[in-house]
Amino acid sequence: MSEMRSDGELLRAVAADGDRRAFEELYRRYAPWLTARMRSRCADAGVVDDVVQETFLAVWRGSARYREDGDVAGWLWRIGSRRLVDALRGDGARGRLRQALARLRHREEVSAEERVLAGVEHGDLAAALVRLSPELRAVLQATVVDGLTTREAAVLLGIPPGTVKTRAMRARKQLREALA
């Protein structure tokens, strides 16, 4: 019986030799986890499935390079989340808000979050959010709507934690000014 290879060993085998078995093992280990994480950010299962496939295709083709300085799950999450952002970019802020509401739709009573998000979608805040740069909106999406920590948002967005904090501060300042 063969010994189970580490994630790093699997990635090296895929990158160096195009080892299909190593790739399949990596896919079996991480595709279900990545799919579950993506589904918490996007209600459209078709988009999620496409993003997961594109993520692993980037690994197979070698267009995504693992530098062996972090965990593989975080690395795959950065690749996948960037592809998800690209896939959703056409929807804009309203599309993302509708997705957030879709996650809550199984409830019969209207939650406080739904009331706030509905107000955001149709009120002055919606207009203020649309005027923010995509970078600032992405930080607000990750930290406010998705409830990620600064560190998690940094991994998701592929930027340093300090940049997340700075962008969040700038976004709040611009929103205060727009709503004053």
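Residues numbered from 1 in each chain as written. Predicted model: local features only at pLDDT ≥ 70, side-chain atom pairs only at ≥ 80, totals over all residues. Heavy atoms only, no water.

A few words on the pattern of salt bridges. Evaluated as defined, the whole model comprises 7 salt bridges. When the shortest N-O distance is used, the salt bridge between D19 and R5 registers 3.6 Å. Taken together, the residues span a long stretch of sequence, with D19 in the loop between α1 (7-17) and α2 (20-39) and R5 in the segment before α1 at a distance of 14 residues. Under the relative-accessibility criterion, R5 is labelled partly exposed at 32%. E25 is the partner of R28 in a salt bridge, and the nearest nitrogen-oxygen pair spans 2.9 Å. Residue R28 and its partner E25 are both found in helix α2; the two are separated by 3 residues, about one turn of the helix. Within this structure, D7, E25, R28 and R29 form a network of salt bridges that share partners. (Salt bridge = Lys/Arg side-chain N within 4 Å of Asp/Glu carboxyl O. Helix = DSSP H or I, 4+ residues; strand = E, 2+ residues; numbered from the N terminus. Buried < 20%, exposed > 50% of the residue type's maximum accessible area, 1.4 Å probe, protein only.)

Another aspect to go through is the packing of aromatic side chains. Aromatic ring pairs: the centre-centre distance and the angle between the two ring planes describe each pair. Inspection of the entire model under this criterion finds 4 aromatic pairs. When the ring of Y27 is compared with that of F56, the centres are 4.8 Å apart and the planes differ by 70°; the resulting orientation is edge-to-face. Placement of the pair is Y27 in helix α2 and F56 in helix α3 (residues 45-61), with a sequence separation of 29 residues. With a relative accessible area of 1%, F56 lands in the buried category. Among the aromatic residues, those joined into a cluster by ring pairs are F23, Y27, F56 and W60. The ring of W77 carries R37 above its face, with NZ or CZ at 4.1 Å from the centroid. (Phe/Tyr/Trp six-rings, centres within 6.5 Å; stacked < 30°, edge-to-face > 60°. Lys NZ or Arg CZ within 6 Å of the ring centre and 35° of its normal.)

Distances and angles like these do not, on their own, reveal function.
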